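Structure assessment
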Amino acid sequence: FNNTLPFLRGSRRYKESTVVETVHSFTVALALVVTISLTQNILILFSVFLVSNIITKFIAYLFYTLKVHKDPETESSLTKEDKRYLKYAKHLSIQNIFLVLANRADSLLIFQQLGAAELALYTVANMLPEQLKGSVKNLSGLLLQKYSSSDEQNVIQKGIPKRTMQIFIILVVVTLLYIF
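Residues numbered from 1 in each chain as written. Predicted model: local features only at pLDDT ≥ 70, side-chain atom pairs only at ≥ 80, totals over all residues. Heavy atoms only, no water.

Glancing now at the overall build of the chain. Assigned secondary structure in the chain consists of 8 helices and 0 strands. Ordered by position from N to C terminus, the α and β elements of the chain give α-α-α-α-α-α-α-α. Burial analysis of the chain (180 residues in total) assigns 19% to the buried set. Here the contacts in the chain between residues at least 6 apart in sequence split such that 60% fall between residues at least 24 apart. Accessible surface for the chain amounts to roughly 13,700 Å². Of this, 67% is attributable to carbon and sulfur atoms. (Helix = DSSP H or I, 4+ residues; strand = E, 2+ residues; numbered from the N terminus. Buried < 20%, exposed > 50% of the residue type's maximum accessible area, 1.4 Å probe, protein only. Contact = heavy atoms within 4.5 Å. Areas by Shrake-Rupley, 256 points an atom, 1.4 Å probe, with all protein chains shown as cover.)

Okay, structure coming up:
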(Lines give C-alpha, C1' and ligand atoms only; values in the text may rest on other atoms or scores of the structure.)
Protein backbone atom coordinates (compact mmCIF):
# COMPACT_ATOMS: atom_id res chain seq x y z
CA PHE A 1 0.00 0.00 0.00
CA ASN A 2 3.03 2.28 0.35
CA ASN A 3 3.46 2.34 -3.43
CA THR A 4 0.57 4.73 -4.04
CA LEU A 5 2.54 7.96 -3.51
CA PRO A 6 5.55 6.98 -5.66
CA PHE A 7 3.14 5.73 -8.33
CA LEU A 8 1.24 9.02 -8.39
CA ARG A 9 4.45 11.08 -8.49
CA GLY A 10 5.90 8.91 -11.21
CA SER A 11 2.69 9.43 -13.19
CA ARG A 12 3.09 13.20 -12.72
CA ARG A 13 -0.15 13.37 -10.76
CA TYR A 14 1.29 15.74 -8.18
CA LYS A 15 -1.99 17.22 -7.00
CA GLU A 16 -3.45 13.79 -6.23
CA SER A 17 -0.20 12.76 -4.56
CA THR A 18 -0.30 15.82 -2.31
CA VAL A 19 -3.97 15.24 -1.45
CA VAL A 20 -3.35 11.58 -0.57
CA GLU A 21 -0.35 12.40 1.62
CA THR A 22 -2.08 15.28 3.39
CA VAL A 23 -5.25 13.29 4.07
CA HIS A 24 -3.17 10.39 5.37
CA SER A 25 -1.11 12.56 7.72
CA PHE A 26 -4.15 14.49 8.95
CA THR A 27 -6.20 11.33 9.53
CA VAL A 28 -3.48 9.57 11.51
CA ALA A 29 -2.74 12.69 13.57
CA LEU A 30 -6.43 13.27 14.29
CA ALA A 31 -6.94 9.64 15.29
CA LEU A 32 -3.98 9.87 17.68
CA VAL A 33 -5.12 13.15 19.23
CA VAL A 34 -8.64 11.81 19.80
CA THR A 35 -7.30 8.56 21.24
CA ILE A 36 -4.89 10.35 23.56
CA SER A 37 -7.72 12.51 24.85
CA LEU A 38 -9.82 9.40 25.57
CA THR A 39 -7.28 6.98 26.98
CA GLN A 40 -3.71 6.70 28.17
CA ASN A 41 -3.44 2.99 27.30
CA ILE A 42 -0.33 2.45 25.17
CA LEU A 43 -1.69 -0.65 23.45
CA ILE A 44 -4.80 1.22 22.33
CA LEU A 45 -2.70 4.15 21.09
CA PHE A 46 -0.41 1.83 19.16
CA SER A 47 -3.38 -0.07 17.71
CA VAL A 48 -5.08 3.15 16.59
CA PHE A 49 -1.81 4.29 14.99
CA LEU A 50 -1.42 1.03 13.06
CA VAL A 51 -5.08 0.74 12.03
CA SER A 52 -5.34 4.36 10.88
CA ASN A 53 -2.15 3.96 8.82
CA ILE A 54 -3.32 0.73 7.23
CA ILE A 55 -6.83 1.98 6.45
CA THR A 56 -5.75 5.28 4.88
CA LYS A 57 -3.03 3.67 2.78
CA PHE A 58 -5.35 0.84 1.72
CA ILE A 59 -8.07 3.29 0.61
CA ALA A 60 -5.53 5.35 -1.34
CA TYR A 61 -4.21 2.17 -2.93
CA LEU A 62 -7.72 1.11 -3.99
CA PHE A 63 -8.72 4.49 -5.41
CA TYR A 64 -5.49 5.58 -7.07
CA THR A 65 -3.27 2.60 -7.83
CA LEU A 66 -5.53 -0.34 -8.65
CA LYS A 67 -7.84 1.62 -10.93
CA VAL A 68 -5.01 2.72 -13.20
CA HIS A 69 -2.15 0.26 -12.89
CA LYS A 70 -2.33 -3.27 -14.26
CA ASP A 71 0.54 -5.62 -13.42
CA PRO A 72 1.79 -8.04 -16.08
CA GLU A 73 0.14 -11.42 -15.65
CA THR A 74 3.30 -13.48 -15.71
CA GLU A 75 7.01 -12.97 -15.27
CA SER A 76 7.61 -14.10 -18.86
CA SER A 77 5.59 -11.17 -20.25
CA LEU A 78 8.04 -8.66 -18.76
CA THR A 79 10.37 -6.86 -21.13
CA LYS A 80 14.08 -6.56 -20.53
CA GLU A 81 13.59 -3.00 -19.31
CA ASP A 82 10.81 -4.10 -16.92
CA LYS A 83 13.14 -6.71 -15.43
CA ARG A 84 15.80 -4.01 -14.92
CA TYR A 85 13.28 -1.85 -13.08
CA LEU A 86 12.20 -4.77 -10.90
CA LYS A 87 15.82 -5.51 -10.02
CA TYR A 88 16.32 -1.84 -9.10
CA ALA A 89 13.09 -1.85 -7.03
CA LYS A 90 14.31 -4.92 -5.09
CA HIS A 91 17.63 -3.19 -4.48
CA LEU A 92 15.84 -0.10 -3.14
CA SER A 93 13.65 -2.27 -0.88
CA ILE A 94 16.68 -3.92 0.68
CA GLN A 95 18.33 -0.54 1.06
CA ASN A 96 15.19 0.76 2.75
CA ILE A 97 15.41 -1.97 5.40
CA PHE A 98 18.78 -0.60 6.51
CA LEU A 99 17.42 2.95 6.45
CA VAL A 100 14.51 2.00 8.73
CA LEU A 101 16.87 0.19 11.11
CA ALA A 102 19.14 3.23 11.26
CA ASN A 103 16.18 5.53 11.92
CA ARG A 104 14.98 3.31 14.76
CA ALA A 105 18.34 2.95 16.48
CA ASP A 106 17.34 5.61 19.02
CA SER A 107 14.41 3.47 20.11
CA LEU A 108 16.68 0.50 20.66
CA LEU A 109 19.05 2.60 22.74
CA ILE A 110 16.24 4.09 24.84
CA PHE A 111 14.78 0.64 25.48
CA GLN A 112 18.17 -0.77 26.39
CA GLN A 113 19.21 2.10 28.67
CA LEU A 114 15.91 3.32 30.18
CA GLY A 115 13.31 0.58 29.75
CA ALA A 116 10.03 -0.18 28.02
CA ALA A 117 7.87 2.44 29.77
CA GLU A 118 10.21 5.28 28.82
CA LEU A 119 10.38 4.00 25.24
CA ALA A 120 6.60 3.98 25.05
CA LEU A 121 6.48 7.54 26.39
CA TYR A 122 9.14 8.63 23.88
CA THR A 123 7.26 6.98 21.01
CA VAL A 124 3.91 8.55 21.92
CA ALA A 125 5.55 11.96 22.33
CA ASN A 126 7.04 11.68 18.83
CA MET A 127 3.94 10.41 16.99
CA LEU A 128 2.26 13.75 16.34
CA PRO A 129 5.42 15.63 15.28
CA GLU A 130 6.36 12.78 12.95
CA GLN A 131 2.93 12.84 11.33
CA LEU A 132 3.10 16.61 10.88
CA LYS A 133 6.60 16.35 9.48
CA GLY A 134 5.40 13.71 7.04
CA SER A 135 2.96 16.11 5.44
CA VAL A 136 5.68 18.70 4.82
CA LYS A 137 8.77 16.61 4.06
CA ASN A 138 7.92 15.76 0.46
CA LEU A 139 7.27 19.32 -0.71
CA SER A 140 10.81 19.72 -1.99
CA GLY A 141 10.52 16.55 -4.05
CA LEU A 142 7.25 17.71 -5.55
CA LEU A 143 8.61 21.14 -6.37
CA LEU A 144 11.83 19.71 -7.83
CA GLN A 145 9.87 17.44 -10.16
CA LYS A 146 7.59 20.27 -11.21
CA TYR A 147 10.41 22.70 -11.95
CA SER A 148 12.64 20.11 -13.60
CA SER A 149 9.92 19.35 -16.14
CA SER A 150 9.46 23.03 -17.01
CA ASP A 151 11.34 24.39 -20.02
CA GLU A 152 10.76 28.05 -19.29
CA GLN A 153 13.63 29.55 -17.29
CA ASN A 154 11.55 32.63 -16.49
CA VAL A 155 8.84 30.54 -14.78
CA ILE A 156 11.45 28.79 -12.64
CA GLN A 157 13.21 32.01 -11.61
CA LYS A 158 9.93 33.65 -10.57
CA GLY A 159 8.43 30.54 -8.96
CA ILE A 160 11.19 29.42 -6.61
CA PRO A 161 11.31 32.53 -4.37
CA LYS A 162 7.51 32.58 -4.16
CA ARG A 163 7.29 28.89 -3.23
CA THR A 164 10.14 29.26 -0.74
CA MET A 165 8.29 32.04 1.05
CA GLN A 166 5.06 30.04 1.06
CA ILE A 167 6.80 27.00 2.55
CA PHE A 168 8.52 29.20 5.14
CA ILE A 169 5.19 30.70 6.24
CA ILE A 170 3.54 27.27 6.43
CA LEU A 171 6.41 25.89 8.51
CA VAL A 172 6.34 28.87 10.89
CA VAL A 173 2.58 28.42 11.41
CA VAL A 174 2.95 24.66 11.98
CA THR A 175 5.82 25.25 14.40
CA LEU A 176 3.89 27.85 16.37
CA LEU A 177 0.85 25.56 16.53
CA TYR A 178 3.02 22.72 17.77
CA ILE A 179 4.64 24.92 20.42
CA PHE A 180 1.21 26.14 21.53
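Residues Phe1, Phe46, Leu50, Val51, Ile54, Ile55, Phe58, Ile59, Leu62 and Phe63 make up a contiguous nonpolar surface patch of roughly 890 Å² in combined accessible area. Take Ile54: it is sitting in helix 3 (residues 42–66). (Patch = residues over 30% accessible without salt bridge, like charges linked within 9 Å, V, L, I, M, F, W, Y side chains within 5 Å. Salt bridge = Lys/Arg side-chain N within 4 Å of Asp/Glu carboxyl O.)

Another aspect to go through is the environment of Ile55. Topologically, Ile55 is positioned in helix 3. Under the relative-accessibility criterion, Ile55 is labelled partly exposed at 43%. Distance in space between the C-alpha atoms of Ile55 and His24 is 9.2 Å, their sequence separation being 31 residues.

Topologically, Ser107 is positioned in helix 5 (residues 105–113). Other than its neighbours up to four places away in sequence, Ser107 contacts Leu119 and Tyr122.

When the pLDDT values of the chain are averaged, the result is 78; 81% of them are 70 or greater. At the low end of the mean pLDDT range in the chain sits helix 7 (residues 139–148), at 64; at the high end sits helix 2 (residues 14–38), at 88. (pLDDT = per-residue confidence, 0-100.)

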